[in-house]
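# Structure assessment
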Amino acid sequence: MIGILGSPRRGGNCDILLDECLRGAKESGAAVRKYFLRDLKIAPCQGCNTCLTTGECIVADNMREVHRALLEADAVIVATPIYFSGPTCTTKCMIDRCQCLWARERLLGIKGKPRKGAMILVGGDPKAVFRNAQSEIKAFFAGVGITFHAELLVAGVEKMGEIRTREEELRQAWRLGQGLA
Ligand SMILES: Cc1cc2nc3c(=O)[nH]c(=O)nc-3n(C[C@H](O)[C@H](O)[C@H](O)COP(=O)(O)O)c2cc1C
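Residues numbered from 1 in each chain as written. Predicted model: local features only at pLDDT ≥ 70, side-chain atom pairs only at ≥ 80, totals over all residues.

Along the backbone of the protein there are 7 helices and 5 strands. Shown N-terminal to C-terminal, the secondary structure of the protein runs as helices and strands in the order β-α-β-α-α-β-α-α-β-α-β-α. Each of the three principal axes of the protein carries a C-alpha extent, and together these read 50 × 35 × 25 Å. Contacts spanning at least 24 positions in sequence make up 80% of the contacts within the protein whose residues lie at least 6 apart. (Helix = DSSP H or I, 4+ residues; strand = E, 2+ residues; numbered from the N terminus. Contact = placed C-beta atoms within 7 Å.)

Among all positions in helix α4 (residues 89–96), only T90, T91, K92, M94 and I95 are buried. On the buried face of α4, the contacting elements are β1 (2–5), α3 (63–72), β3 (75–81) and α6 (131–143). (Buried ≥ 20, exposed ≤ 12 C-beta atoms within 10 Å, placed from the backbone.)

Attention now moves to the site of the ligand. Close to the ligand lie 19 residues, the nearest being G12, P81, G123, G124 and D125. By residue class, the composition of the shell around the ligand is 9 nonpolar, 6 polar and 4 charged. (Near = placed C-beta within 6 Å. Nonpolar A, V, L, I, M, F, W, Y, C, P; charged D, E, K, R; others polar.)

Right, let's get into the sheet that holds strand β5 (residues 146–154). Ordered by their spatial adjacency, 5 strands build an open sheet running β2-β1-β3-β4-β5, and the pairing between neighbours is parallel. The open sheet has two free edges, formed respectively by β2 (33–36) and β5, since each of these has just one partner strand. Pairwise comparison of adjacent strand axes, ignoring direction, gives a mean angle of 15° for this sheet. Strand direction decides the pairing type here: β1 and β3, joined by 4 bridges, are parallel. Each residue of the ladder has a partner; that of I4, found in β3, is V78. Those strands touched by α6 are β3, β4 (115–122) and β5, and its axis lies near 160° from that of β5. (Pairing = 2+ DSSP bridges. Axes fitted to C-alpha atoms, helices over the stretch in contact; angles between N-to-C directions.)

For soluble globular proteins, nonpolar side chains are generally found buried alongside one another. Counting residues in each nonpolar core, the largest one holds 53 residues, and the members touching the most others are I4, L17, I77 and I120. The element best represented in this core is helix α1 (residues 13–27), accounting for 7 residues. (Core = buried A, V, L, I, M, F, W, Y, C linked by C-beta atoms within 7 Å.)

This is the structure in structure tokens:
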């Protein structure tokens, strides 16, 4: 199982929830790995369309490793804060770079193995708008052949690490990992 962290804050709310989720999965016997997008070199999609015929991305950076992990994992969790009512740009950048995986599934008939996907979204506003990030990440899962499994949406958590005071959500994250595993 892989966890993809789209927050720039190590030790932030998404990071903590993602760790709980991966811990739940690990305790159910899953092998887990986390990708902290901020630490990776991931250029934006160039829109060159080469992947539409080859199924491979021509940009040589850390996204190659993420592509491999996305193809090999049994389950994928994307965790991102809400920024301006959507996912972070780092998360979106990673998603756009998966056009080659979309091409493999949808154009080239190269079907990946069955995989489950989940998302963790955290917004600082008590009335945080989740729908844009939800639909973006669901479209990503559907596009690359990952079956949407579940989501954890947490509103009203703003400060670094504030999620530690929200025991119920921490438990939900752990259970999400168990369910995915
Ligand atoms: C650039 C920026 C934009 C943000 N936009 C929103 C927003 O539109 N809605 C919201 O509810 N919170 C917004 N927030 C607050 C974050 O979602 C919140 O602090 C969250 O807990 C951060 O998660 P993290 O600790 O995992 O980084 C924004 C924060 C930043 C830095």
